[in-house]
Amino acid sequence: MTIKVLDAVVVAQIAAGEVVERPASVVKELVENALDAGATQITVEIRGSGTGLIRVADNGSGIPAGEVELAFERHATSKVSTPDDLNSISTLGFRGEALASIAAVAEADLLTCAAGEAMGTHLSLKDGQLAAKNGQARSQGTTVTVRNLFRSVPARLKFLKSVPTENSHTANVVSRYALAFPEVAFSLFLEGKPTLRTPGSGQLIAGVIEVYGIEIAKEMLEIKDSEDQWDSGQSIKVSGLVGTPAVSRTSRNYISFFVNRRWITSRQLTWAVEEAYHGLLMQDKHPVAVININLPPSEVDANVHPTKTEVKFVNEGAVFGAVQKAVRRTVLQQTPIPKIEDVAAAYKAAPAERPAFWTGNELTGTINRMPAAAQSEPRILPILRVLGQAVQNYIVAEGNDGLYIIDQHAAHERIRYEQVKEQRTRNKIEVQGLLEAATFEVTLPQAATLKSRLKDLAEFGFNLEAFGERTYLVRAVPAILNGRDWPAALREMLDGLASGDKTDWMERLVMSMACHSAVRAGQALSVDEMRELVRQLEETAMPRTCPHGRPTVLHLSLNQLSKEFGRT
Ligand code: ADP
Ligand code: MG
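Residues numbered from 1 in each chain as written. Chains lettered and ligands numbered in written order. Predicted model: local features only at pLDDT ≥ 70, side-chain atom pairs only at ≥ 80, totals over all residues. Heavy atoms only, no water.

### Let's talk about the overall build of the chain
Moving on, step 1. Helix and strand counts for the chain stand at 16 helices and 26 strands.
Moving on, step 2. Across its three principal directions, the C-alpha atoms of the chain cover 90 × 75 × 50 Å.
Moving on, step 3. Out of the 568 residues in the chain, the part that is buried amounts to 51%.
Moving on, step 4. If you sum the accessible surface of the chain, you get close to 26,700 Å²; carbon and sulfur atoms cover 52% of it.
Moving on, step 5. Put simply, the chain has 61 plus and 66 minus side-chain charges, and the middle of one group is 3 Å from the middle of the other. (Helix = DSSP H or I, 4+ residues; strand = E, 2+ residues; numbered from the N terminus. Buried < 20%, exposed > 50% of the residue type's maximum accessible area, 1.4 Å probe, protein only. Areas by Shrake-Rupley, 256 points an atom, 1.4 Å probe, with all protein chains shown as cover. Lys, Arg positive; Asp, Glu negative; His and termini not counted. Charge placed at Lys NZ, Arg CZ, Asp CG, Glu CD.)

### Side note on the site of ligand 1
Moving on, step 1. As a matter of local geometry, ligand 1 sits amid 20 residues, with Asn 33, Thr 77, Ser 78, Lys 79 and Gly 96 nearest to it.
Moving on, step 2. Between ligand 1 and the protein, one listed contact pairs an oxygen atom with a side-chain N or O atom of Thr 77 at 2.5 Å.
Moving on, step 3. One of the side-chain nitrogen or oxygen atoms of Lys 79 is found 2.7 Å away from an oxygen atom of ligand 1.
Moving on, step 4. Taking 540 Å² as the accessible area of ligand 1 by itself, protein coverage stands at 93%.
Moving on, step 5. Placement of ligand 1 is best described as lying within the second largest pocket.
Moving on, step 6. Counting residues per element, the ones that place at least two in the shell around ligand 1 are α2 (23-36) and α3 (98-105). (Near = heavy atom within 4 Å. Polar contact = N/O pair within 3.5 Å; in protein donor to acceptor, adjacent residues only side chain to side chain. 1 Å grid on protein atoms, 1.4 Å probe; cavity = no way out; pocket = protein on both sides within 12 Å on 5 of 7 lines; lining within 4 Å. Sits in = over half its atoms within 2 Å of the grid points.)

### Focus on the layout of surface pockets
Moving on, step 1. If you add up the space inside the second largest pocket, you get close to 750 Å³.
Moving on, step 2. Around the second largest pocket, the lining comprises 36 residues; the ones closest to its centre are Asn 33, Ile 63, Ser 78, Lys 79 and Leu 99.
Moving on, step 3. Sorting the residues of the lining of the second largest pocket by element identifies α2, β2 (53-58), α3 and β6 (141-147) as the ones contributing at least two each.
Moving on, step 4. It is α2 that provides the largest number of residues to the lining of the second largest pocket, a total of six residues.
Moving on, step 5. When its residues are assigned to classes, the lining of the second largest pocket shows 18 nonpolar, eight polar and ten charged. (Points joined across faces, edges and corners; volume = space filled by probe spheres on them. Nonpolar A, V, L, I, M, F, W, Y, C, P; charged D, E, K, R; others polar.)

### Side note on the sheet that holds strand β3 (residues 107-113)
Moving on, step 1. Pairing is mixed in the open sheet, where eight strands are placed in the order β5-β4-β3-β6-β2-β1-β7-β8. On the outer flanks of this sheet lie β5 (129-136) and β8 (193-197), each paired with one strand and no other. Direction aside, neighbouring strands of the sheet carry axes that sit 10 degrees apart on average.
Moving on, step 2. As defined by bridge partners, strand β1 (residues 41-47) adjoins β2 across six bridges and the pair is classed as antiparallel. In the sheet register, Arg 47 faces β2, and the bridge partner there is Leu 53. (Pairing = 2+ DSSP bridges. Axes fitted to C-alpha atoms, helices over the stretch in contact; angles between N-to-C directions.)

### Thoughts on the environment of Phe 313
Moving on, step 1. Position of Phe 313 relative to the elements: it lies in strand β18 (residues 312-313).
Moving on, step 2. On the accessibility criterion, Phe 313 (9% relative accessible area) is buried.

### Some words on the state of the cysteines
Moving on, step 1. For the structure shown, the criterion picks out zero disulfides.
Moving on, step 2. The structure places no disulfide on Cys 515, whose sulfur is separated from the nearest cysteine sulfur, that of Cys 546, by 8.7 Å. (Disulfide = S-S within 2.5 Å.)

### Overview of the confidence of the model for the chain
Atom-level detail of predicted coordinates should not be read off regions where pLDDT is low.
Moving on, step 1. Across the chain, the average pLDDT comes to 86, with 91% of residues at or above 70.
Moving on, step 2. Below pLDDT 50 for its whole length, residues 343-371 participates in 64 contacts with residues either more than four positions away or in separate chains.
Moving on, step 3. Across residues 373-378, where pLDDT falls below 50, the model places 17 contacts with residues more than four positions away in sequence or in other chains. (pLDDT = per-residue confidence, 0-100. Contact = heavy atoms within 4.5 Å.)

### Some remarks on the domain arrangement of the chain
Moving on, step 1. Assigned domains of the chain: these are domain 1 (8-203), domain 2 (219-334), domain 3 (339-410 + 522-564) and domain 4 (429-516).
Moving on, step 2. Taking the mean C-alpha position of each, domain 1 and domain 2 sit 28 Å from one another.
Moving on, step 3. Counting residues at the interface gives 24 residues for domain 1, matched by 17 residues for domain 2.
Moving on, step 4. When domain 1 packs against domain 2, the two sides together hide about 1,800 Å² of surface, and 53% of this comes from carbon and sulfur.
Moving on, step 5. The tally of links from domain 1 across to domain 2 stands at three salt bridges.
Moving on, step 6. Its salt-bridge partner being Glu 29, residue Lys 308 comes within 3.1 Å of it at the nearest N-O pair.
Moving on, step 7. Between domain 1 and domain 2 we count eleven residue pairs in polar contact (both at pLDDT 80 or more) in total.
Moving on, step 8. Mapped by element, the contributors of at least two residues to the side of domain 1 that touches domain 2 are α1 (8-19), α2 and α5 (163-180). (Domains from an automatic or database assignment. Buried area = accessible area lost by both parts, 1.4 Å probe. Salt bridge = Lys/Arg side-chain N within 4 Å of Asp/Glu carboxyl O.)

### Re the environment of Gly 233
Moving on, step 1. Looking at the element boundaries, Gly 233 is found in the loop between β10 (227-229) and β11 (235-243).
Moving on, step 2. For Gly 233, a relative accessible area of 45% gives the class partly exposed.

### Quick notes on the pattern of salt bridges
Moving on, step 1. Under the defined criterion, the tally for this structure stands at 23 salt bridges.
Moving on, step 2. Note that Lys 28 is salt-bridged to Glu 32, the shortest N-O span being 2.9 Å. With Lys 28 and Glu 32 both in helix α2 and four residues apart, this pair spans about one turn of that helix. Just as Lys 28 is buried, Glu 32 falls in that class too.
Moving on, step 3. Glu 539 is the partner of Arg 535 in a salt bridge, and the nearest nitrogen-oxygen pair spans 2.8 Å. Placement of the pair is Arg 535 and Glu 539 together in helix α15 (residues 527-539), with a separation of four residues, close to one helical turn.
Moving on, step 4. One salt-bridge network, in which partners are shared between bridges, spans Lys 28, Glu 29, Glu 32 and Lys 308.

Here it is, written out as structure tokens:
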């Protein structure tokens, strides 16, 4: 083939591909434009999964009649003019290519009326070319209608997924922006059905109720007073809502980040948030979080990708640190002891019904409702008096406000976990030499891993010596594991490494050590032993949950007792 310059239509379609990947990308660009125009009401309508029709209407500034055609030109924007402006972007749009891209791969219709203009302007584009223009009545604001998306680009059309999946992507975009802009009233209609409506009250929690439902909203904690000052004099503010450990999801999709109100995705920030929940959530569970990060525009570069969903921070470490600190503090300060009435209520209530649009595969996740209490409950334990042991599993105790039931294994796990961590920090792990060296067999891949970890293991009290290719001689073990199933603890740690689990392996080891050194369920305890266990639990930093995030204590309040016995 000879080299030739592509014609304008093909060029436009190629460029459009970077911005418009699927119907949800069109929705994202149009919603961002409406928000940039200062709209307080935005209505999104979708038919035929967005390949039939996408319509976004707003009550924003509108486009002056004289500029309407320019809006569809590539690199035409009212938001940036000098190179310097790019260093401090405060609008969601700035590349001036969304409308041009959309018009290159669909039929586009625009009806707009700017403030102070008596008449609106209507514009119709086909194949990126102006097809009609006339005056039309409209109140201030803009409506963009996009029809037959990708009809001229069959390759793209072929890659689209099922109607529910495409619609769930769209719902996802609208939901995120509804969370980012609680002062804006959003309405979303999917295939004629009202699917999301936010009040625009300015209250983030109101948005969370509409987007995630009341069950999750009840469990959200507010990030309070979190402003970090940097040496440079700049400051970063982290705000928003984070879920208690009682509400977790099986996917990471319920973690949202908004940087100067732009919805972004970031693996590092997600990781920072998950780390903040460390030891509070069960494995493979993820928190719910809506996190706003505000910092000087000069500290962020949003011009990383045409879709603007990723940003670069000048001072990455400081941003991740600030987010992690704010989330951790919020969760620890406000995580309450679960109450029995809440457990009962949780189980009585039918499973929370999700809005119809949460059907896309990556959006489904079950609410893992562990019990949790009113937010006023302190996270520390009250002084408890042990009454006895039930089914050789639970310690029953009395406190100033009713009964407390403690899971002996979970509670002891928490105690051990903190003990090991503390001893490790002080470099004072208690070691027990074995009278007779024991052998520990591993698989070949495990042997390789183990070899690289021998020194670290020694610091935890495991003295291992290679003895042939797949065998190790064990001469000493951590004292708390003496006489216990320490090979299981070692093996769990190795399995974790082999399965590619990213959790810090030391953390895993500490958790395994805690688990295998803790009293078992089914073990009879004397009153003295139980008292000692409760006393030690009271002294831990986080007595409420075991290291895996399960509760250690349930509370049956005096109130609840009177109610159940009909005394009130
Ligand atoms: P960008 O948002 O990057 O500037 P777009 O192609 O999305 O580029 O939009 C081009 C221009 O059209 C915007 O800069 C803005 O002036 C105008 N515009 C687009 N949508 C709207 C809207 N809903 N309300 C007011 N002005 C709009
Ligand atoms: Mg735009």
